[in-house]
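Per-entry structural report
If you want the building blocks of each chain, they are given just below.
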Amino acid sequence: MSKPAQSLSRKWAPRGRFPSSSGWCKARAVSVPIVTSTAITCAVGAVLPPLPGLALFTLGMVFACLLVVGRMEPLVVRVVYGGAPLTAEDHRALGPVLAVLSSYGLGPPTVRFWVRHGSPADGPISVGRRSVLVSRGLITAISSGEVGVERAAVLLAQAAGLVRGGATRGDLCIRFWTLPWVVLTYGMVGAARGFGVLPLVRMTWKARWLLTVVAAAQAMAESHVALAGLVVGIGAISYLWPRWVRAWQTECQVLEDEAAAVLRACTTRAGDALGREDPDGQEAGRVGRATVARNRHLSVVR
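Throughout, residues of each chain are indexed from 1 in the direction in which the sequence is written. In keeping with the model being predicted, local features are shown solely for residues with a pLDDT of at least 70 and side-chain atom pairs are shown and tallied solely at 80 or more, while totals for entire chains, interfaces and linings include all residues. Only hydrogens and water are removed before side-chain values are computed, so all heavy atoms of the structure are retained for them.

In this section: the environment of Ala99. As for its position among the elements, Ala99 is in helix α5 (residues 88–102). Here's how the labels work: a residue is buried when its accessible area is under 20% of the maximum for its type, exposed when over 50%, partly exposed in between, all with a 1.4 Å probe on protein chains only. Note on Ala99: relative accessible area 48%, which makes it partly exposed. Between the C-alpha atom of Ala99 and that of Ala153, which follows or precedes it by 54 residues, the distance is 9.2 Å. Strands here are runs of E lasting at least two residues and helices are runs of H or I lasting at least four, both read from the DSSP assignment and numbered beginning at the N terminus.

So, about a nonpolar patch on the surface. A surface patch of nonpolar side chains, about 510 Å² in accessible area, is lined by Phe195, Val197, Leu200, Val201 and Met203. With respect to the helices and strands, the residue Met203 is situated in helix α10 (residues 198–206). Of the residues examined, Met203 reaches a relative accessible area of 53% and is grouped as exposed. Patches draw on residues past 30% relative accessible area with no salt bridge. Two like charges within 9 Å are joined, as are two nonpolar side chains (Val, Leu, Ile, Met, Phe, Trp, Tyr) within 5 Å. Each accessible area is a Shrake-Rupley estimate made with a 1.4 Å probe; only the visible protein chains count as cover when residues are assessed. Just to be clear on terms, a salt bridge is a Lys or Arg side-chain nitrogen sitting within 4 Å of an Asp or Glu carboxyl oxygen.

With that out of the way, let us pick up the nonpolar core. In this text, buried Ala, Val, Leu, Ile, Met, Phe, Trp, Tyr and Cys residues form a nonpolar core when linked through side-chain atoms within 4.5 Å. Core analysis: the biggest nonpolar cluster contains 29 residues, and Leu101, Phe113 and Leu156 have the highest contact counts within it. Where this core is concerned, the elements lending two or more residues are α5, β2 (112–116), β4 (131–135), α6 (136–144), α7 (149–164) and α12 (225–266). Take this core: its biggest share by element is eight residues, from α7. One finds Met72, Val127, Leu133 and Leu172 within the second-largest nonpolar core, a separate group that totals 11 residues.

A word on the packing of α10 against helix α11 (residues 208–221). Inter-axis angles, ranging from 0 to 180 degrees, are taken between N-to-C directions of lines fitted to C-alpha atoms, where helices are fitted over the stretch in contact. Running from N to C, α10 and α11 point in directions that differ by 65 degrees, and their axes come no closer than 4 Å. Across the interface between the two elements, Thr204, Trp205 and Lys206 from α10 touch Arg208, Trp209 and Leu211 from α11. Under the grouping applied here, Gly and all other residues not named as nonpolar or charged are polar, the nonpolar ones being Ala, Val, Leu, Ile, Met, Phe, Trp, Tyr, Cys and Pro and the charged ones Asp, Glu, Lys and Arg. In terms of residue class, the contact of α10 with α11 is made up of three nonpolar, one polar and two charged. Residue contacts follow a heavy-atom distance rule, with two residues in contact if any of their heavy atoms lie within 4.5 Å.

It is worth spelling out the sheet that holds β2 at this point. Ordered by their spatial adjacency, four strands build an open sheet running β1-β2-β4-β3, and the pairing between neighbours is mixed. One side of each edge strand has no neighbouring strand; the edge strands of this open sheet are β1 (84–85) and β3 (125–127). When DSSP finds at least two bridges between two strands, those strands are taken to pair. Here β1 runs beside β2; their pairing, made up of two bridges, is antiparallel. Within β2, the residue paired with Pro85 across the bridge is Trp114. Relative to the sheet, α6 contacts β2 and β4, its axis offset from that of β4 by approximately 70 degrees.

With that settled, consider the pairing of β4. Counting buried positions along β4 gives five out of five residues, so the element sits mostly inside the fold. Here β4 shows two buried faces, one formed by Ser131, Leu133 and Ser135 and the other by Val132 and Val134. For β2 and β4, the ladder comprises five bridges, and the chain directions are parallel. Bridge pairing in β4 places Arg116 opposite Ser135.

This part takes up the packing of aromatic side chains. Classification of ring pairs uses Phe, Tyr and Trp, with its six-membered ring standing for Trp, and accepts pairs whose centres are within 6.5 Å; under 30 degrees between planes counts as stacked, over 60 as edge-to-face, and the remaining range as tilted. Overall, the coordinates contain two aromatic pairs when judged by the stated rule. For the pair Phe63 and Phe176, a centre-to-centre distance of 4.9 Å together with 70 degrees between the ring planes defines the contact as edge-to-face. Of this pair, Phe63 sits in helix α3 (residues 50–69) while Phe176 sits in helix α8 (residues 171–177), and the two are 113 residues apart along the sequence. Residue Phe63 is classed as partly exposed on the basis of its relative accessible area of 29%. Judged by relative accessible area, Phe176 falls into the partly exposed class, the value being 25%. Arranged with centres 5.7 Å apart and planes meeting at 85 degrees, the rings of Trp181 and Trp241 form a pair that is edge-to-face.

Have a look at this one:
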């Protein structure tokens with residue numbers, strides 16, 4: 001293995017563990033959906049009959065554990081993301097790209113690539129512990145020469161870098177666990193749109209600091225100190241959480257950029273091509289990267 005590849009492996013840890021600071025960054029970003037979903041699940045389980053409640057809790061925990069250890073990842077990739085294994089034709093088209101990625105620890109067998117429907121503009125999607133989904137349109141563009149091997153390698157390296165860096169390691173379990181949060185947020189937004197009060201809701205959300213102050217003052221006036229503290233805490237978190245989400249998105253972009261930088265710096269052809277490429281090629285790389293980050297953000301911290 002070349003020195004750049006060894007450096008990459010040492011920095012990102014072969015087993016997919018990423019630094020504790022990044023883990024704390026992600027934990028903060030997903031904290032609100034996880035805590036809210038857990039509270040909703042407990043509230044619903046408390047009103048269910050004992051047997052159905054126990055069955056729901058047990059099945060949910062078993063499924064979540066299977067997602068954590070990666071046993072259900074291939075099934076989820078197929079059913080939820082519409083992924084399919086690469087065919088022989090896909091392997092021929094992606095062969096040179098995967099060879100470049102594998103030489104830097106970003107390709108098979110460490111990372112498994114799947115194909116999904118989509119246009120060339122649809123960026124790769126990082127999923128779970130070791131899966132990357134590539135759009136059918138991008139594979140076709142690579143096969144026809146519309147997208148060069150060097151540019152494609154950088155695009156896929158960004159997605160593979162997230163997997164190798166461990167950024168998406170627990171995403172499938174988190175997405176499953178936060179389904180109540182997704183249902184709640186979609187339901188509230190849909191109801192607001194249906195009743196035509198969405199602008200009013202947005203205005204109220206922007207002025208939530210005022211509502212927090214009024215509610216806390218009322219609680220203090222009635223000597224409910226604990227309630228006042230809870231209200232202030234919720235109000236503070238409502239302002240901190242967007243910052244935590246943006247910090248995690250930045251962390252993921254850093255992982256993507258580091259993976260792409262390894263290819264740019266250590267692969268002569270890729271470095272030359274990307275150093276003198278037209279603006280459209282550079283823009284294609286940015287679009288692909290943004291798609292990965294945006295999809296992951298929506299799936300985890302919606």
